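Chain and residue survey
Here are the chains, one letter per residue:
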Amino acid sequence: MASELITIKIGGEAGFGIKVAGATLSKVFLRAGYEIFDYSEYPSLIRGGHNTFEVTVGPRVRSCVRPVNLLIALNQQTFDQHLPELSSDAGIIFNGVKVKPTSKDFRLFDVPFSELAKNSGGTELVKNTVALGAGLAVLNAGVEGLLMLLKQVFAKKSPQVITMNLNAASAGYDYVKTHFKEPFPYQLKSLPPRDLMYLTGNEAVGLGAIAGGCSAYFAYPMTPSSTVLEYLTKSGPKVGMLVRQPEDEISVLSSAIGSGFAGIRAMVGTSGGGFSLMTESLGLSGMTETPVVIFMAQRPGPATGLPTWTGQADLRFLLHAGQDEFPRMIIAPGDAEECFYFTAEALNFAEKFQLPVFVLSDKNLGEGGMSVPTFDPAKIKIERGEWLKEEDLAKMGQYLRYRLTASGVSPRVLPGCMGGVHEANSDEHDEYGHSDESAKTRTAQMDKRMRKLEAALKEVPDPKLYGPKDAELTIVSWGSTKGAILQALEELLSPPAGGGDKDGVGAVNFLHFTYLWPFPTPNAAQKLLSAKKLLVIENNHSGQFEGLIKEHIGRVPEEHLRKYDGRPFWPHEIVEKIRKHLSN
Amino acid sequence: MISNPNIVNPLKPEDYSSEVFPTWCPGCGNFAIWAALKNALSELKLPPHRVALSFGIGCSGNFNNFVRANVFHSLHGRALPAAMGIKLGNHELTVIAMGGDGDGFAEGLGHTLETIRSNVNLTYIVHDNHMYSLTTGQTSPTTALGAKTKTAPLGAYEYPLNPLALALSAGGSFVARGFAGDIPHLQSLIAEGVSHRGFSFIDVMQPCPTFNPEMSYDWYRGRVYRLDEAGYVPDNRFRAWEVAQAPLDKKIAIGVLYKEDRSILEDNFPELSKTPLVKRDLNKLDIRPLFDNFK
């Protein structure tokens, strides 16, 4: 990978605050003017498993990259297990009292975490803070940023807790500065400050929901969607949003649809198993034409599957879920920035076209922290679709909730408006909403509902093309693979150090799909048809999006790269695949 | 269709009728519940546009076509979650959910317990005919032991669920039983339930002359007695439990078994205290302060 990127990995036993320690480190680097992208691995356990957190830091970062350049091993397992992931010049920080070095191939920094923690007035618990201080010293990054952040993080705790943590950080930092004089090859000096935010995809979805005017969020906890529920429970009420955890996912989506009928913007969040329970209500939204936004954070399945790992294997599930046919939209953001703006946009689409809209994410994007330009709420315009008010109704005869229109969209009325009583009916219904099983009404209402998808397609943005306009090979992908592919492109499109052939320059570009359904826009179809060769990259077994290309574009992509082991793509895997293809 | 939909006063029961005449069998208990509901709404002077009704699926679910109000016809077992969503979206609406015994005690039992527990301010009327009738006569959770049905030709073999005991044990703040053979009494129960601040649960004994002819109007009339006429005061959960335990084939108490004032679900959401969610101004949201945590 590009040499200006540095990857630091922290590992230890589950339940010992690995994630918190890692996120603290990420934020210190963010404030030092760096871009970051982090990634954590943890088993579905509270205590006793192996947890890791890795963060890639640099002036420009699109994805977590490997190899790892600095490993902070809080236990023996971390030291032993991750040696193959290290660069040849990597360093390992560990506590020699508890961890026996099983390799001498790397720069070893033996730092007595526990002893230093005790000396700073703390317990074993603050050893992570010692380790963070030590890590910053190895990277020659200065400890001030960490001290300031710790003061903020523990602001509400007792003065003893604050002092203990500050002492611990300084102790780790000073120990390394005193005992290890030889400079480490990876250095992180502060850069000029930038207007960036550090957050996970899920937090960005939460913020997008708030900014997009979602008034009620319903969810039942399920990894990896739960952090949206947690974030909104904390932050939603500050701006007047109601957040509720009902008894099951069936109730979650039914309640949200009830709220949509009442006239508010409602949203739910879940993962595949929870969505399995929601499928019947998805049809209810489709049939009653009640807007709802469904945030879906994918994890590998089937059944319980790999609860805390990642995958992109639910695209076809969402596309076809529910009996019979009804329109729906699927939006798959590729990074935290898109999570924010597209979630707000999903709320608009749901109301404009009166249908269910999915925001499709996964564990990799949802729980990965990343730096993004500070969001601009002014870019979000609330568009609530067509509504009739009491004065409109007074001029009309009868209000027809399911009036047959050219666009398929029938104006709504807020329940509570005088003259606007109506029936939202899960049975097939006439224009008023009464149950009607006649062939004529059935066909007319079916056509009306499906027309909305044609109308929506006209407003759906085209996929974004990254890299040169024309290329020998066009990478096609969707959603959260964006970061790894962009990071790979950075390497492929930059001339190799030391001159020589231009490698992939001009040879490869990347078509990234975020608005997945309805599909395809005319421009997307044209691009997919005219590309010289297609390489489809997906985090699933069967090539679910590749199948859509075959079905709806009529082209068989030349190459694909698929992964379904629960891990995200690493940029070097993509670079390898493309170099191999280009060299053939 | 009503020619002038803006008539508010005086409200008559027929103002809540749609132009579709019910498709229930002659003698169906649903007619009585339909009448009692319309009477209660006009008694309470609640205009149709201020009322939202949520339905499940079953003979009771077909009710949706026969009433004039804001109607949400949901799925089997889901009348309550939908009603919950409507109420939280706009708590100024009067919300009433309706479903049958299959809806509330089989497919939607989890929702029934949760909604009772939540004490959200809405009313739930169960059309309890002890049978699946829209699907032509299969066993329901409240079918009496030994009763012959299409799916239990030798007689129902599972102990029938006791809706009132269930509601009491889940912490119901208004637990009542009505009888479709006594419309004025049922009307007063519905009116009292709708006026109750909290979740009101009304289990209505509903004869089904087509698929459960054994439990006819006459069968019920020989057993039904009114709690208020018996001097019963509904302020004690233990006494209510005793009443709820009486076997249906002996004596059937109708009226309010238990009633208490306690905090409702909406009290726990400060965001509902000023205005209903539906009146939030979405163009005046200032979210920038939330960015500070991410800097």
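The structure presented is a predicted model; accordingly, all values stated were derived computationally and were not measured. (Residues numbered from 1 in each chain as written. Chains lettered and ligands numbered in written order. Predicted model: local features only at pLDDT ≥ 70, side-chain atom pairs only at ≥ 80, totals over all residues. Heavy atoms only, no water.)

With that out of the way, let us pick up the overall build of chain A. The helix and strand inventory of chain A stands at 19 helices and 23 strands. Its C-alpha atoms give chain A a radius of gyration of 26 Å, near enough to 25 Å, the size a compact globule of 584 residues would have. Across its three principal axes, chain A shows a C-alpha extent of roughly 85 × 60 × 40 Å. Taking all 584 residues of chain A together, 64% fall into the buried category. By sequence separation, contacts in chain A at least 24 residues apart represent 73% of the contacts at least 6 residues apart. With 60 positive and 65 negative side-chain charges, chain A shows a separation of 4 Å between the mean positions of the two kinds. (Helix = DSSP H or I, 4+ residues; strand = E, 2+ residues; numbered from the N terminus. Rg over C-alpha atoms; globule rule 2.2 N^0.38 Å. Buried < 20%, exposed > 50% of the residue type's maximum accessible area, 1.4 Å probe, protein only. Contact = heavy atoms within 4.5 Å. Lys, Arg positive; Asp, Glu negative; His and termini not counted. Charge placed at Lys NZ, Arg CZ, Asp CG, Glu CD.)

The next point concerns the packing of aromatic side chains. The geometry of an aromatic ring pair comes down to the distance between the two centres and the angle between the two planes. Taken as a whole and assessed by the stated rule, the structure comprises 34 aromatic pairs over all chains. Relative to Y515(A), the ring of F342(A) lies with its centre 5.2 Å away and its plane at 65 degrees, an arrangement referred to as edge-to-face. Of this pair, F342(A) sits in helix α12 (residues 336-353) while Y515(A) sits in strand β21 (residues 515-517), and the two are 173 residues apart along the sequence. Neither F342(A) nor Y515(A) differs from the other in exposure class; each is buried. Three or more aromatic residues joined by ring pairs form one cluster here, namely F21(B), W24(B), F31(B), W34(B), F55(B), F63(B) and F66(B). When the ring centre of F326(A) is taken as reference, the NZ or CZ atom of R328(A) above it lies at 4.3 Å. If you follow R239(B) out to its NZ or CZ, it ends over the ring of Y232(B), 5.9 Å from the centre. (Phe/Tyr/Trp six-rings, centres within 6.5 Å; stacked < 30°, edge-to-face > 60°. Lys NZ or Arg CZ within 6 Å of the ring centre and 35° of its normal.)

Accessible area lost during the coming together of the parts is what is often quoted as the interface size. Along its sequence, chain A is organised into domain 1 (6-179), domain 2 (198-379), domain 3 (387-450) and domain 4 (464-583). Of note, the centres of domain 1 of chain A and domain 3 of chain A, computed from C-alpha atoms alone, are 60 Å apart. (Domains from an automatic or database assignment.)

Right, let's get into the interface of chain A and chain B. At the junction of the two partners, chain A supplies 73 residues and chain B supplies 53 residues. Carbon and sulfur atoms supply 62% of the area that chain A and chain B bury against each other, a total of about 5,100 Å² over both sides. When residues of chain A are sorted by the area they lose upon contact with chain B, L242(A), R244(A) and V421(A) head the list and together hold 12% of the total. Seen at the junction of chain A and chain B, the total is four salt bridges. (Buried area = accessible area lost by both parts, 1.4 Å probe. Salt bridge = Lys/Arg side-chain N within 4 Å of Asp/Glu carboxyl O.)

So, about the pattern of salt bridges. Residue and element names in this part refer to chain A. Tallying each qualifying case throughout the model produces 46 salt bridges over all chains. For E124, the salt bridge goes to K127, with nearest N and O atoms at 3.5 Å. When its relative accessible area of 14% is taken as the criterion, K127 is described as buried. Across the pair K482 and D335 runs a salt bridge, and its minimum N-O distance is 2.9 Å. With K482 in helix α16 (residues 482-493) and D335 in the loop between β12 (329-331) and α12, this pair connects stretches of sequence that are 147 residues apart. Connected through salt bridges with shared partners, the residues K9, E54, R66 and E85 form a single ionic network.

Our focus in this paragraph is the sheet that holds strand β23 (residues 559-562) of chain A. Residues and elements named next belong to chain A. The strand order across the open sheet built from five strands is β18-β20-β19-β22-β23, with neighbouring strands paired in mixed fashion. Pairing within the sheet leaves two strands with one partner each, and these edge strands are β18 (464-466) and β23. Mean inter-strand twist for the sheet, computed between neighbouring axes without regard to direction, equals 20 degrees. Inspection of the sheet shows β18 paired to strand β20 (residues 508-513) by three bridges, in the antiparallel sense. (Pairing = 2+ DSSP bridges. Axes fitted to C-alpha atoms, helices over the stretch in contact; angles between N-to-C directions.)

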